[in-house]
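# Geometric and topological summary
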Amino acid sequence: MERTVVRCAEGHLFSTASFPLQNLRPARIGPGRLMRCPQCARLRSAVPADLAVLSTEQITQALRREAVDFLA
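Residues numbered from 1 in each chain as written. Predicted model: local features only at pLDDT ≥ 70, side-chain atom pairs only at ≥ 80, totals over all residues. Heavy atoms only, no water.

Attention shifts here to the pattern of salt bridges. Counted according to the given criterion, the structure contains 2 salt bridges. Glu 66 is paired through a salt bridge with Arg 3; the nearest N and O atoms lie 3.9 Å apart. In this pair, Glu 66 sits in the segment after α1 (56-64) while Arg 3 sits in the segment before β1 (4-8), placing the two residues 63 residues apart along the sequence. The class for Glu 66 is partly exposed, based on a relative accessible area of 46%. When its relative accessible area of 27% is taken as the criterion, Arg 3 is described as partly exposed. Measuring nitrogen to oxygen at the nearest pair gives 3.6 Å for the salt bridge that ties Arg 44 to Glu 10. Here Arg 44 is found in strand β6 (residues 43-48), whereas its partner Glu 10 is found in the loop between β1 and β2 (13-16), with 34 residues between them in sequence. (Salt bridge = Lys/Arg side-chain N within 4 Å of Asp/Glu carboxyl O. Helix = DSSP H or I, 4+ residues; strand = E, 2+ residues; numbered from the N terminus. Buried < 20%, exposed > 50% of the residue type's maximum accessible area, 1.4 Å probe, protein only.)

Right under this line is the structure:
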């Protein structure tokens, strides 16, 4: 299963198994999703991280941290 590296609103990096883009009628809701961050344990908006600006170590650590709950 492919994992997506995401960044929460506090800047923490972690991964999730699924990060679908959702639509609400003809308008897109946006790139962010509500997830429980494994570092701060709070419900935060998370967006896919730009892998081009992350180091290999940051990506590796993010892939080890998995989102607690996928909510929306």
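Read on for the rest.
Sheet strands associate in pairs through backbone hydrogen bonding, adopting either a parallel or an antiparallel arrangement. Spatially, the 4 strands line up as an open sheet ordered β2-β1-β6-β5, and their pairing is antiparallel. On the outer flanks of this sheet lie β2 and β5 (33-36), each paired with one strand and no other. Neighbouring strand axes in the sheet, compared pairwise and without regard to direction, differ in orientation by 50° on average. Taken together, the 4 bridges between β1 and β2 define a ladder with antiparallel strand orientation. (Pairing = 2+ DSSP bridges. Axes fitted to C-alpha atoms, helices over the stretch in contact; angles between N-to-C directions.)

Now for the nonpolar core. Judged by nonpolar contacts, Val 6, Cys 8, Phe 14, Met 35, Cys 37, Ala 46 and Ala 67 together constitute the single largest core of 7 residues. Not counting chain neighbours up to four residues away, the residues in contact with Ala 67 comprise Phe 14, Ser 15, Thr 16, Met 35, Arg 36 and Pro 38. Listed in part, the 5 residues of the second largest apolar core include Leu 13, Ala 49, Leu 54 and Ala 62. (Core = buried A, V, L, I, M, F, W, Y, C linked by side-chain atoms within 4.5 Å. Contact = heavy atoms within 4.5 Å.)

A separate point is the environment of Val 47. Checked against the element boundaries, Val 47 lands in strand β6. For the pair Val 47 and Leu 13, spaced 34 residues apart in sequence, the C-alpha separation works out to 9.9 Å.

Moving on, we come to the state of the cysteines. By the definition in use, this model includes 0 disulfides. Cysteine Cys 37 remains unbridged, with the sulfur of Cys 40 as its closest cysteine sulfur at 3.7 Å. The exposure class of Cys 40 is partly exposed, given its relative accessible area of 23%. (Disulfide = S-S within 2.5 Å.)

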